[in-house]
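Report on the structure
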Amino acid sequence: MVSMDTLAIKTQNKFRSLITKQTYKKGEIICEIPTEKVIDKANRYTVQIGRDRHTEVGKLSALNHSCDPNVILDTENLQMVACRDIDQGEELSFFYPSTEWEMDAPFICLCGAANCIHVVAGARFLPLSTLENHYLNRHIRELMIELLNNTESHLTKLTDV
Ligand SMILES: [Zn+2]
């Protein structure tokens, strides 16, 4: 069990962020994703780990979104993993649509990355061409395929008349 002792929450003007107290190499496991409390609806303190499963993540709820993140949340292995080398004192961030299909509290991203998606509302609101450039968890890929299939059968019905 990898603990969260290496992580600290920083609060500035009521804005929370998650900072690492140590360096990590790309691919290194930082901590496990808590699953003691799984609920069926998203809120600001949850991460989606399955179609109707949202887990309260405690300290990890201070993780901010970035369109150019340094960690991924792997909801199958329930681990937070460094997706590039990370310095001590660096803020950790992940790409919210990689876990969230439809977010409870959408917002405008001001991360400034060249590939910024601007409106962060969940994967279902993003084009495939954007999503395919990011790590995506299995439930997001499945929901996306389902949405595409439904759209296709809907279009077939429309043209069948
Ligand atoms: Zn952005």
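Refer to the preceding data block for the structure.
Summary of the structure given here.

Each value, and the rule that gives it
Position numbers for residues count from 1 along each chain, tracking the sequence in the order it is written. Since the coordinates come from a predicted model, pLDDT governs what is reported: local features require at least 70, and pairs of side-chain atoms require 80 or more to be given and counted, while whole-chain, interface and lining totals use all residues. The side-chain numbers reported here are obtained from all heavy atoms of the structure, hydrogens and water having been left aside. By definition, two strands form a pair when at least two bridges between them are found by DSSP. Secondary structure elements are defined from DSSP: runs of H or I of at least 4 residues count as helices, runs of E of at least 2 residues count as strands, and each element is numbered from the N terminus. As used in this record, nonpolar core signifies buried Ala, Val, Leu, Ile, Met, Phe, Trp, Tyr and Cys residues forming a set joined through side-chain atoms within 4.5 Å. Only protein chains enter the accessibility calculation, which uses a 1.4 Å probe. A residue is then buried if its area is under 20% of the maximum for its type, exposed if over 50%, and partly exposed in between. Contacts: residue pairs with any heavy atoms within 4.5 Å of one another.

Below, the discussion takes up the pairing of strand β1 (residues 7–12). For a regular strand, the rule is simple: side chains alternate between the two faces of the sheet. Pairing between β1 and strand β2 (residues 15–20): six bridges, direction antiparallel. Its bridge partner lying in β2, Ala-8 is registered against Ile-19. Where β1 hands over to β2, the hairpin turn is made up of two residues, of which Asn-13 adopts a positive phi near 50°.

This next bit is on the nonpolar core. Note on soluble globular proteins: their nonpolar side chains tend to be buried together. In this structure, Leu-7, Ile-30, Leu-60, Leu-63, Val-71, Met-80 and Leu-92 are the most contacted members of the largest nonpolar core, which totals 36 residues. Broken down by secondary-structure element, the contributors of at least two residues to this core are β3 (29–32), β8 (71–74), β9 (79–82), β10 (91–94) and α2 (138–160). Counting residues per element, this core draws most heavily on α2, which supplies three residues. If we skip the residues at most four places from it in the chain, Met-80 touches Leu-7, Glu-28, Ile-29, Ile-30, Cys-31, Ile-33, Leu-60, Leu-63, Val-71, Ile-72, Leu-73 and Leu-92.

Attention now moves to the sheet that holds strand β6 (residues 53–56). Strand order in the open sheet formed by three strands is β4-β6-β5, with antiparallel pairing between adjacent strands. In this open sheet, the two edge strands, each paired with only one partner strand, are β4 (38–39) and β5 (46–50). Here β4 runs beside β6; their pairing, made up of two bridges, is antiparallel. Paired with Ile-39 across the two strands is His-54, which belongs to β6.

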